[in-house]
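Coordinate inspection notes
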Amino acid sequence: MNAFAGASDLNDEFITHTALRNGKNHFTIDMSTFENRFEKVYFIMQLYHYNEVVVTSSDPESKSFKITAEASFPVSHIQTMVRGIRKDTNRKADELTAEQEAQWLEENDKFKRK
């Protein structure tokens, strides 16, 4: 999976650099761009595979989602990476049927309320 493929537009509002504090860059991700819970959870789970970011939110149903990254990673690098993960998520959603998405959520949704 190439998270950087085709992720060149750095001017949209999907991921916003919100602060630099204590050597960490803070970002907010607009979760309203995703169509359903599958896309939200899949996207978040993919974020966990990247050492560059730390996921600091826990509710995929919120309107925004927070991540941080060490300041040694350029802001543009993190934004491009996250946009690439969004594109990979959209591609995956296009490949699966609603039933396959539901099955994936049943097996992988670590955020569901009991």
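Not measured: the values here are computed from a predicted model.

The next thing to look at is the environment of Glu35. With respect to the element layout, Glu35 can be found in the loop between β2 (24-30) and α1 (37-47). For Glu35 and Asn90, which are 55 residues apart along the polypeptide, the C-alpha to C-alpha distance reads 9.4 Å.

Before going further, it helps to spend a moment on the environment of Gln100. Structurally, Gln100 is set in helix α3 (residues 98-108). A residue is classified by how much of its surface remains accessible, and Gln100, at 39% relative accessible area, is partly exposed. Along the sequence, Gln100 and Phe38 sit 62 residues apart, while their C-alpha atoms lie 9.9 Å from each other.

This next bit is on the packing of α1 against helix α2 (residues 75-95). Where α1 meets α2, the closest approach of the two axes is 9 Å, and the angle between their N-to-C directions is 135°. Regarding the angle of α1 to α2, the classification is oblique. As for how α1 packs across α2, the hand of that crossing is right-handed. On α2, the residues that touch Phe38, Glu39, Tyr42, Phe43, Gln46 and Leu47 of α1 are Val82, Ile85, Arg86, Thr89, Asn90, Lys92 and Ala93.

Per-residue confidence for the protein averages 89 on the pLDDT scale, and 89% of its residues sit at or above 70. In the model of the protein, strand β1 (residues 15-21) stands out as the element of lowest mean pLDDT, 94, in contrast to α2, which has the highest, 97. With pLDDT under 50 throughout, residues 1-11 is counted as low confidence; its partners more than four residues away or in other chains account for 25 contacts.

What counts, and at which threshold
Residues numbered from 1 in each chain as written. Predicted model: local features only at pLDDT ≥ 70, side-chain atom pairs only at ≥ 80, totals over all residues. Heavy atoms only, no water. Helix = DSSP H or I, 4+ residues; strand = E, 2+ residues; numbered from the N terminus. Buried < 20%, exposed > 50% of the residue type's maximum accessible area, 1.4 Å probe, protein only. Axes fitted to C-alpha atoms, helices over the stretch in contact; angles between N-to-C directions. Parallel < 35°, antiparallel > 145°, perpendicular 65-115°, else oblique. Left-handed = near helix turned anticlockwise from the far one by under 90°. Contact = heavy atoms within 4.5 Å. pLDDT = per-residue confidence, 0-100.

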